[in-house]
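Listed below are the residues making up each chain.
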Amino acid sequence: MSAGKPERQRVARVYTAARRHPWVLGKLGDWVIWFGPYTPAQLAVLGGGALLLVRTFAWWSWMGPVPVVLWLVSVWAVRGAKINGRSPLTAALGCLTLLARHPAGRIRGRVARDRQTTMLSGSFVVEAAPPPTLAEVAGLAPASAPVPAARRRTKAKREQQTRVVPAARPVPQARPVPVSGLAGLLSGVPVAGGS
């Protein structure tokens with residue numbers, strides 16, 4: 001973006017009016033079917049109801065025009081029918097596709113299947129660990145808690161005043177202490193508390 005040019009404002013438009021109007025049949029230009037246009041659900045009730053009334057005329061003829069009036073009221077009643085926010089035709093189509101799909105589902109258009117089981121095999125080797133050195137054993141000792149600075153200064157002064165040089169003692173040649181019971185068993189050193 002250059003400093004001299006002002007930023008151009010972006011404009012976004014949303015056309016939702018097309019989604020609000022249902023798909024209708026019976027309107028061609030200015031010509032409209034009587035009492036129409038009709039939604040696909042209305043046409044299905046109109047056609048199915050007419051076929052049912054014609055086939056069962058012997059059963060309902062004694063009631064007069066009541067079944068015909070009920071049929072016309074049902075055609076009017078389904079004009080804005082919605083199932084879960086969708087028209088009955090698309091809802092029925094969704095149910096059919098749900099029943100027709102594979103129970104495992106699909107991944108990238110293909111049926112999702114479990115992979116064939118395979119046997120995994122492997123091996124491992126247990127080797128004896130080298131015995132730990134004295135420095136490693138000393139490093140495993142727990143560290144003391146940190147001493148505050150004031151105590152450190154007084155302790156250092158005390159040590160300077162009363163410094164005693166200990167006599168050098170010979171270090172005995174001992175076998176290194178194993179770190180764990182397993183290391184002791186591998187090195188042949190008896191472990192305390194063991195048999």
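Note that the coordinates shown come from a computational prediction; the quantities given were computed from them, not determined experimentally.

Visitor: How would you sum up the overall build of the chain? Please name residues and give values.
Guide: Of the regular secondary structure elements, the chain holds eight helices and four strands. Of all 195 residues assigned to the chain, the portion counted as buried reaches 10%. Within the chain, contacts between residues at least 6 apart in sequence are counted, and of these 36% link residues at least 24 apart. As displayed, the chain has an accessible area near 18,700 Å², and 62% of this comes from carbon and sulfur atoms.

Visitor: For the layout of surface pockets, give the residues involved together with the corresponding values.
Guide: It is the rolling of a water-molecule-sized probe over the atoms that shows where space remains empty. Estimated volume of the second largest pocket: approximately 160 Å³. Along the walls of the second largest pocket sit Phe35, Tyr38, Gln42, Leu46, Leu72, Val75, Trp76 and Arg79, which together make up its complete lining. For the lining of the second largest pocket, the secondary-structure elements that each account for two or more residues are α2 (40–55) and α4 (66–77). For the lining of the second largest pocket, the element with the most residues is α4, which contributes three residues. Looking at the lining of the second largest pocket residue by residue, the class counts come to six nonpolar, one polar and one charged.

Visitor: Outline the packing of aromatic side chains, listing residues and values.
Guide: Tallying each qualifying case throughout the model produces one aromatic pair. Where Phe57 meets Trp60, the ring centres are 5.1 Å apart and the plane angle is 85°; that geometry is what we call edge-to-face. Here Trp60 and Phe57 lie together in helix α3 (residues 57–60), a separation of three residues that amounts to about one turn. For Phe57, a relative accessible area of 49% corresponds to the partly exposed category. By relative accessible area, Trp60 is classed as buried at 13%. Here Arg79 stacks its cationic end above the ring of Trp76, 4.3 Å away from the centre of that ring.

Visitor: How would you sum up the packing of α2 against α4? Please name residues and give values.
Guide: Between α2 and α4, the shortest axis-to-axis distance is 8 Å and the interhelical angle comes to 165°. Taken together, α2 and α4 sit at an angle that is classed as roughly antiparallel. Considering only the axes of α2 and α4, their crossing is right-handed. In this structure, α2 uses Gln42, Val45, Leu46, Gly49, Ala50 and Leu53 to contact α4, whose residues at the interface are Pro67, Val68, Trp71, Ser74, Val75 and Trp76. Here the contact of α2 with α4 is built from residues that sort into nine nonpolar, three polar and no charged.

Visitor: Tell me what's going on with a nonpolar patch on the surface, and back it up with residues and numbers.
Guide: Together, Trp31, Ile33, Trp34 and Phe35 line one region of the surface with nonpolar side chains, adding up to about 620 Å² of accessible area. Looking at the secondary structure, you find Phe35 in the loop between β2 (31–32) and α2. Judged by relative accessible area, Phe35 falls into the exposed class, the value being 82%.

Each value, and the rule that gives it
Residues numbered from 1 in each chain as written. Predicted model: local features only at pLDDT ≥ 70, side-chain atom pairs only at ≥ 80, totals over all residues. Heavy atoms only, no water. Helix = DSSP H or I, 4+ residues; strand = E, 2+ residues; numbered from the N terminus. Buried < 20%, exposed > 50% of the residue type's maximum accessible area, 1.4 Å probe, protein only. Contact = heavy atoms within 4.5 Å. Areas by Shrake-Rupley, 256 points an atom, 1.4 Å probe, with all protein chains shown as cover. 1 Å grid on protein atoms, 1.4 Å probe; cavity = no way out; pocket = protein on both sides within 12 Å on 5 of 7 lines; lining within 4 Å. Points joined across faces, edges and corners; volume = space filled by probe spheres on them. Nonpolar A, V, L, I, M, F, W, Y, C, P; charged D, E, K, R; others polar. Phe/Tyr/Trp six-rings, centres within 6.5 Å; stacked < 30°, edge-to-face > 60°. Lys NZ or Arg CZ within 6 Å of the ring centre and 35° of its normal. Axes fitted to C-alpha atoms, helices over the stretch in contact; angles between N-to-C directions. Parallel < 35°, antiparallel > 145°, perpendicular 65-115°, else oblique. Left-handed = near helix turned anticlockwise from the far one by under 90°. Patch = residues over 30% accessible without salt bridge, like charges linked within 9 Å, V, L, I, M, F, W, Y side chains within 5 Å. Salt bridge = Lys/Arg side-chain N within 4 Å of Asp/Glu carboxyl O.

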